[in-house]
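# A closer look at the structure
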Amino acid sequence: MALERIDRTAKQIVLTLQDYSFFALRAFLNLFSRPIYWADFLLQSDIIGVGSLPIVVLSGLSTGGVLALQSAATLANFGATAVTGQFVSLTMIRELGPVLTGVMVSGRNASSMASELGSMVVTEQIDAMRALGVDPMRKLVTPRIFASVAMLFFLTILSDAFGIVGGGLVTVLMNHQNGTQYLNMAWEHIRFPDIVQGLIKPLFFGYILSSIGCFYGLRTTGGTQGVGRSTISAVVNASVLIIFVDFLLSHIVITLFSSWM
Amino acid sequence: MDVISAIPQPAPAPDAPLPVLAFQHVSIAFGGPPVLEQVSFTIRPGETRILLGPAGVGKSVLLKLANGLLRPDTGCIELFGHELAYAREHDLFHLRTRTGMVFQEGALFDSLTVRDNVAYQLIQENVSDEEIDARVHEALRFVELDQTFDLFPVSLSGGMRRRVAIARALIHKPELLLYDSPTGGLDPVTSTTIIELIVKQRDVYRTPSLLVTHRLQDAFTMCTHRFDQDSGRMVPLPAHQTDPNTTFLMLSEGRLIFDGSLHKLVASTDPFVREFLE
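Criteria and cut-off values
- Residues numbered from 1 in each chain as written.
- Chains lettered and ligands numbered in written order.
- Predicted model: local features only at pLDDT ≥ 70, side-chain atom pairs only at ≥ 80, totals over all residues.
- Helix = DSSP H or I, 4+ residues; strand = E, 2+ residues; numbered from the N terminus.
- Buried ≥ 20, exposed ≤ 12 C-beta atoms within 10 Å, placed from the backbone.
- Rg over C-alpha atoms; globule rule 2.2 N^0.38 Å.
- Contact = placed C-beta atoms within 7 Å.
- Nonpolar A, V, L, I, M, F, W, Y, C, P; charged D, E, K, R; others polar.
- Pairing = 2+ DSSP bridges.
- Axes fitted to C-alpha atoms, helices over the stretch in contact; angles between N-to-C directions.

Our focus in this paragraph is the overall build of chain A. Assigned secondary structure in chain A consists of 8 helices and 0 strands. From first element to last, N terminus to C terminus, chain A shows the α and β order α-α-α-α-α-α-α-α. Across its three principal directions, the C-alpha atoms of chain A cover 65 × 50 × 35 Å. Here chain A holds 261 residues, and the buried ones make up 45% of them.

Right, let's talk about the overall build of chain B for a bit. Looking only at helices and strands, one finds 10 helices and 12 strands in chain B. Computed over its C-alpha atoms, the radius of gyration of chain B comes to 19 Å, within 12% of the 19 Å expected for a compact globule of 278 residues. Along the first, second and third principal axes, the C-alpha atoms of chain B reach 55 × 50 × 40 Å. Per-residue burial for chain B yields a buried fraction of 42% across its 278 residues. Across chain B, every contact between residues at least 6 apart in sequence was considered, and the portion connecting residues at least 24 apart equals 65%.

Our focus in this paragraph is the interface of chain B and chain A. Counting from both sides, the interface comprises 14 residues of chain B and, opposite them, 11 residues of chain A. For the side of chain B that touches chain A, the secondary structure elements donating two or more residues are helix H2 (89–96) and helix H4 (120–124) of chain B. Taken together, the residues of the side of chain B that touches chain A break down into 7 nonpolar, 5 polar and 2 charged.

Bringing the sheet that holds strand S6 (residues 99–102) of chain B into the picture now. Residues and elements named next belong to chain B. Read across the sheet, 6 strands follow the order S6-S7-S8-S3-S11-S12 without closing on themselves; strand pairing throughout is mixed. Single-partner strands in this sheet number two, and they are S6 and strand S12 (255–260). Averaged over all pairs of adjacent strands, the angle between their axes in this sheet comes to 15 degrees, without regard to strand direction. One ladder, built from 4 bridges, connects strand S7 (residues 176–180) with strand S8 (residues 209–213); its direction is parallel. Paired with Leu 178 across the two strands is Leu 210, which belongs to S8. Sheet strands in contact with helix H1 (residues 59–66) are strand S3 (48–52), S7, S8 and strand S11 (246–252), and its direction is about 160 degrees off that of S8. Sheet strands in contact with helix H6 (residues 158–170) are S6 and S7, and its direction is about 170 degrees off that of S6.

Okay, the sheet that holds strand S2 (residues 34–43) of chain B next. Residue and element names in this part refer to chain B. Strand order in this open sheet of 4 strands is S2-S1-S4-S5, and the pairing throughout is antiparallel. Of all strands in the sheet, those with a lone pairing partner are S2 and strand S5 (82–83), marking the two edges. When strand S1 (residues 21–29) meets strand S4 (residues 74–79), the two strands line up antiparallel, connected through 5 bridges. When the sheet's bridge partners are listed, Gln 24 is paired in S4 with Cys 76.

Set out below in structure tokens:
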């Protein structure tokens, strides 16, 4: 009995993974054929990009500040408080900027995509759209995915910048260190692989959070309770996958640029 | 039980117009017992077919099969002469624009105004705003809801939403109309208003249609009334007369057990039909 259940669950997971792969691929390929709904792309860019600005700026600022605060005490033991700037900037650019922005935007937008599309499914609006001759994949999914990819890229840059600013404020105002030294250290130790790593990650994370949000939204069954379940699945799976893919990407970039680092 | 699909259908007359929609031995299941089994019927130009059956018998599934929103497990469905069962989804979008579908609860896009809902297809086709406004006003006047042009669906009553959904289905001048329980859950007065609109559509535009309902009263009203264009109202046909182009289908346990006119339906000796009628 237990074996049967494990077997069924394993098959279900593999099947979901297969469905998701086809879904994500189709959404990507839709960008290379007509019709492309540019107005929807712009609208979603506004909702995802501009709408997420406050949470990304605030979380970036606080994270940079906390990094400076926590690292200062430890670095002081080695007489290395001067490298706080380097520590904050590298951590923000390589890891925390992309991952935090990905997770924050996923909490805000993957959930909204899953619940919005899920509600459309249970009220037959998706079927109505298909009956009116419009492909929901092209009209609803593809614009959301590409708006997420484009916006997460810029949001991550902002998060990095505000993280460094936050670290600087804490360093100067609370740790009473030299601000010029902080900025010099933050700037001088950034290398090309750090930038590559920091800017490639949001492209993947944007794709992950939006495709998972839309995927679970369009698979919704079981009325309003089903919408709730889809929303939870979307946020949890998107967040976990972002952290897992972050590990893979870090490993790949470190291997590829080992001589630079 | 007398199963229509199992009986060889009489061959149509050689000069009979080609069917707009044809189901041939269609079956579908969703991981359990079949929802529809060996269903066969046709809709010819000018015909209105009313699909009767108790709730949960597969009527809405049949309607979604008719325009390719669902695919059958076996059998063949031809819409305007095109086979749907194995067509690519991409090819079906164009075919669906030639049909109009009214969903059970209206299925209006709640983030769009009534104007944008009704004009949805026209907007996708980049029709000019002036033409869109004119055609939306015309469609809304047909369902007598011109005053709702700028409203959002959330501010409309259930009956008004169905009427807007009818306007949305009609605006593109469809070649086949599919109504999914258009009066389900409505009070008798609003139901009559909706049926009057459907009769008006039938008698004014003569668009072939398939209407799903479990309300016998609505089906009988459609069959025994016509739309009088002079008075702008639905009026009863003379006693013992019925609309010759309005006929019935009945589903029971996934099988089509009746296909014929109102007279044949009333005279049927099938125990399920009798139970349904009584």
